[in-house]
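Read off the chains here:
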Amino acid sequence: MKYLNIFFKKRKKTYLHEVLTYLNIKNKKTYKNVLINNIQNLDQANKNDITFFHSSKYKDLLKVTKSNFIITTSQLSHLLPKLKSKLIVDNVLISVAKITEFFYPNSLNDQFENKYINIDKKNIYKNVKFGSNVVLGENVKIGKNSTVGHNSIIESNVRIGNDCIIGSNVIIKKTLIGNNVSILDGAIIGKKGFGFFPNKNKNIRYPHIGMVVIGNNVEVGCNNTIDRGSLSNTIIGNNSFLDNQVHIAHNVKIGKNCIITGQVGFAGSSTIGNNVMIGGQAGISGHLKIGNNVKVGGGSGVIKNIPDNTKVMGYPAKNIKKFVMENK
Amino acid sequence: MKYLNIFFKKRKKTYLHEVLTYLNIKNKKTYKNVLINNIQNLDQANKNDITFFHSSKYKDLLKVTKSNFIITTSQLSHLLPKLKSKLIVDNVLISVAKITEFFYPNSLNDQFENKYINIDKKNIYKNVKFGSNVVLGENVKIGKNSTVGHNSIIESNVRIGNDCIIGSNVIIKKTLIGNNVSILDGAIIGKKGFGFFPNKNKNIRYPHIGMVVIGNNVEVGCNNTIDRGSLSNTIIGNNSFLDNQVHIAHNVKIGKNCIITGQVGFAGSSTIGNNVMIGGQAGISGHLKIGNNVKVGGGSGVIKNIPDNTKVMGYPAKNIKKFVMENK
Amino acid sequence: MKYLNIFFKKRKKTYLHEVLTYLNIKNKKTYKNVLINNIQNLDQANKNDITFFHSSKYKDLLKVTKSNFIITTSQLSHLLPKLKSKLIVDNVLISVAKITEFFYPNSLNDQFENKYINIDKKNIYKNVKFGSNVVLGENVKIGKNSTVGHNSIIESNVRIGNDCIIGSNVIIKKTLIGNNVSILDGAIIGKKGFGFFPNKNKNIRYPHIGMVVIGNNVEVGCNNTIDRGSLSNTIIGNNSFLDNQVHIAHNVKIGKNCIITGQVGFAGSSTIGNNVMIGGQAGISGHLKIGNNVKVGGGSGVIKNIPDNTKVMGYPAKNIKKFVMENK
């Protein structure tokens, strides 16, 4: 499912040679009249998007990508299909960061949002109940019978459905929220992820232009932190419930009907199936695939993919029967 | 110790046949003139309360309960004493949720509280120092020499003793607080617990009508989350100190003189003795009994009851000597 | 590096005999005209400071301390150099707490700060962008091009450098912040540490007069809690990045270019080297020394010192090769 990104303004009418000039790439004249639409992951890129290939573990995606323009290194370039245009750089991910910023000039600005409206004058919110001292950005949409608690901050263009309960001291930005969702007190949703290029003396920040997409009937607990995606989105599926102090890093996708208990943490880019239950304080490492109907015991540390219908526990997490046997 | 629940208005003059009608139970005519006072756990119910029996592990409590009206399933009903009235349902806990909501019609409303008073006009608080932008509900009582920091929200009927220090950005609801208590910045106390009936597409929320009861000389750290009880209360005993980012789920009872360090988490309904020390990031599973003078090492995962005067460490937590021996 | 403590007012012109009277020490007449400047740790004390010796594990520091006046117990006093004045007490740390409070009379006051200025009237902040409802104490210094988000509270005398991004709902006190620093939403920096003397019925709080010192180019994640030092400072070195929900206890020193991911916790007084990477949910026990270029795997529990250039994982953390081998 694709969501239109309404939070970051994209540069219009961009020529490939402009992008290459920005990256200091030499053979740019060849591409003088080529228009480029966006920068995307291999599997999501269209014909007119630039994409990138930075690790051989993604080589299967090279066969399916629709993009014709692939940023890569000279070491990796032999893996590319012959008909694709190879754009050779020293560091693929730093180049991707630069191109992202080029397409989305405001994407590295992480200051608080300074545009806010006077709620009392906006009678478009007449079916919404607001607490005291709410800060509302421009063009926020909130459905009927929803409530927003005291001191909460909802930045521009956020969408909140019907019958939602937004608590107090909540901060929401770059986020789409379905119907009948509860966001409990102190939750912070949609800030940029913890993604950057480590660099002595001054790390290089990576622009995060993804969103957080929250389905229907979801509950997000107190003091949760849910970071938005970098290029793709962070997603919480329908009817999933998160307890207090849960941390969800960028690009994590959580399925439907999941139950995530207190202080659980997800490192970036993991995908969690449907009907998954995760016990308190468990941690899920990055870039993993957790199947459907999986149960993870409290305190576990999951560092491998988990197939469907499996119960695991331990650190590192293993089949729960094995864990119980070993810890008799 | 029983505390009067001042936060949830109970339905008055309720007949048993009304409750049974609400649950779609057939044999209701038998009980036409029986008045029912409340819904309670087996051990806390009085003669005129309804109670419930949903698991054979509580069968010893059937011998002591004063209640005459016991909700149960047909499978479990043979365990009930002959003289008790058996009220047979398909799912005991869902029926309890419904009855709780029937007795306490506002108990499922978890929106922010919209009634707040103008502190400046309330000279009953003249011995209390308030920060800027404090939101105070109706009928809040705060003792002398107490202070309430900036942006804090204290909902209706909360009781705070003398010489208390309430920090900034704190949220307190459904809570009784003793004297000389510090609630540090960002703590969220008294929201409903993470209790619900998992149900495909739309979980069924459970009304939580318990309180949080905090003794004297307690300290609650920054960004703590302490959920109120479901039917019973969540309790923090006198002189117990909690560090930052601690999470305490519903119905947990912590004794006196306990020391709970940073990022510790308690799943629901565990009981912790007096003089217990718990190291950083340790987790205590639900429905456990931790004895007096117990020491739990940092990072431990406690999944079994721990007897008095024991030191444990590890995941799962075991006797500390065994842990040290195995990890030499 | 020493930083002038601008947050706690020190008592001026203090005679040693006044301090000893306050502690109920008898032989005070000997010191009638001796002026004392401060109370300090053994290694940081100057000639005119009082210091203290409470454990034989610090006996090497007795050889280097410049202080002539050492608080200790009768059991430990034989370890002191002959030329030092021994000030014998029953409990060294409680005496240190009392002396600290004697020198810094306001050091035990942890109420919210009630002095705040009207930002609009302060044109010294004309190069700073403020959100709505910001509370600013007296004499706060904020460098040019910095921003402070909605509802944030910055207490008196805090220093914030140029080009800093302070998020919304942030609380900062007793803290010095360098240039180009991001403090993300909901972070709470500079509250007193979790240090006190356990005492039945009423614990004795310890005055924490240290600061938090944050270098240049640092990022502090959402809902982090960073406690100030007790006598020394809590320090975050240049270009270190902290993810969400990190907890840093008092006196922790983190080096340069460190990467600390989500939900990591540090117990008090540990020292972390430069270029250290710590995975999600890992915990570092108190009073440890973690070397330079160390990598700690996610979920690890570090309970021993770690030498330079080492990778560790597990609970308790061990060499990562050993961990992988044992968990095949």
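The rules behind these values
- Residues numbered from 1 in each chain as written.
- Chains lettered and ligands numbered in written order.
- Predicted model: local features only at pLDDT ≥ 70, side-chain atom pairs only at ≥ 80, totals over all residues.
- Heavy atoms only, no water.
- Helix = DSSP H or I, 4+ residues; strand = E, 2+ residues; numbered from the N terminus.
- Rg over C-alpha atoms; globule rule 2.2 N^0.38 Å.
- Buried < 20%, exposed > 50% of the residue type's maximum accessible area, 1.4 Å probe, protein only.
- Contact = heavy atoms within 4.5 Å.
- Areas by Shrake-Rupley, 256 points an atom, 1.4 Å probe, with all protein chains shown as cover.
- Lys, Arg positive; Asp, Glu negative; His and termini not counted.
- Charge placed at Lys NZ, Arg CZ, Asp CG, Glu CD.
- Least-squares fit on C-alpha atoms with pLDDT ≥ 70 in both.
- Buried area = accessible area lost by both parts, 1.4 Å probe.
- Salt bridge = Lys/Arg side-chain N within 4 Å of Asp/Glu carboxyl O.
- Polar contact = N/O pair within 3.5 Å; in protein donor to acceptor, adjacent residues only side chain to side chain.
- Nonpolar A, V, L, I, M, F, W, Y, C, P; charged D, E, K, R; others polar.

Visitor: Would you take a moment to explain the overall build of chain A for this structure?
Guide: Along the backbone of chain A there are four helices and 36 strands. What you see for chain A is a C-alpha radius of gyration of 22 Å, in line with the 20 Å of a compact globule of 328 residues. Each principal axis of the C-alpha distribution contributes one length, and for chain A these read about 65 × 55 × 40 Å. Relative to its full complement of 328 residues, chain A shows a buried share of 59%. When contacts within chain A are restricted to residue pairs at least 6 apart in sequence, long-range pairs at least 24 apart make up 24% of them. As displayed, chain A offers around 14,000 Å² of accessible surface, 49% of which is attributable to carbon and sulfur atoms. Between the centroid of the 45 positive side chains of chain A and the centroid of its 18 negative side chains there is a distance of 8 Å.

Visitor: Help me out: how do you make sense of the relation of the copies chain C and chain B in this one?
Guide: Copy one and copy two of the chain differ by a rotation about a common axis and a shift along it. When chain C is fitted onto chain B, the two copies agree to an RMSD of 0.1 Å after a turn of 120° and an axial shift of 0.0 Å. Viewed as a symmetry operation, the transformation between the two copies matches a three-fold axis.

Visitor: I would appreciate a short explanation of the side chain of Ser 152 of chain C in the present structure.
Guide: Residue and element names in this part refer to chain C. With respect to the element layout, Ser 152 can be found in the loop between strand E10 (147–148) and strand E11 (153–154). Under the relative-accessibility criterion, Ser 152 is labelled buried at 0%. If near-sequence neighbours (up to four positions away) are discounted, Ser 152 is found in contact with Asn 133, Val 134, Val 135, Gly 167, Ser 168, Asn 169 and Val 170.

Visitor: Hey, could you run me through the interface of chain A and chain B in this one?
Guide: Accessible area lost upon the coming together of the parts is a frequently used measure of interface size. On the side of chain B, 42 residues touch chain A, which itself brings 45 residues to the contact. Interface area, chain A with chain B, both sides summed: about 3,300 Å², of which 53% is carbon and sulfur. The interface formed by chain A and chain B contains three salt bridges. Note that Lys 173 of chain B is salt-bridged to Asp 185 of chain A, the shortest N-O span being 3.0 Å. At the junction of chain A and chain B, the tally comes to 26 residue pairs in polar contact (both at pLDDT 80 or more). Considered class by class, the residues forming the side of chain A that touches chain B number 13 nonpolar, 28 polar and four charged.

Visitor: I would appreciate a short explanation of the pattern of salt bridges in the present structure.
Guide: All names here are of chain A. The final tally for this structure, using the stated rule, is 33 salt bridges over all chains. Where Glu 326 meets Lys 318, a salt bridge forms, and the shortest distance between an N and an O atom there is 2.8 Å. The exposure class of Lys 318 is partly exposed, given its relative accessible area of 21%.

Visitor: Just checking my understanding: could you explain the relation of the copies chain A and chain B for this structure?
Guide: Superposition record for chain A on chain B: RMSD 0.0 Å, screw rotation 120°, translation along axis 0.0 Å. Here only 20% of the interface residues in chain A have copies in chain B that are interface residues too; the copies meet through unlike faces.

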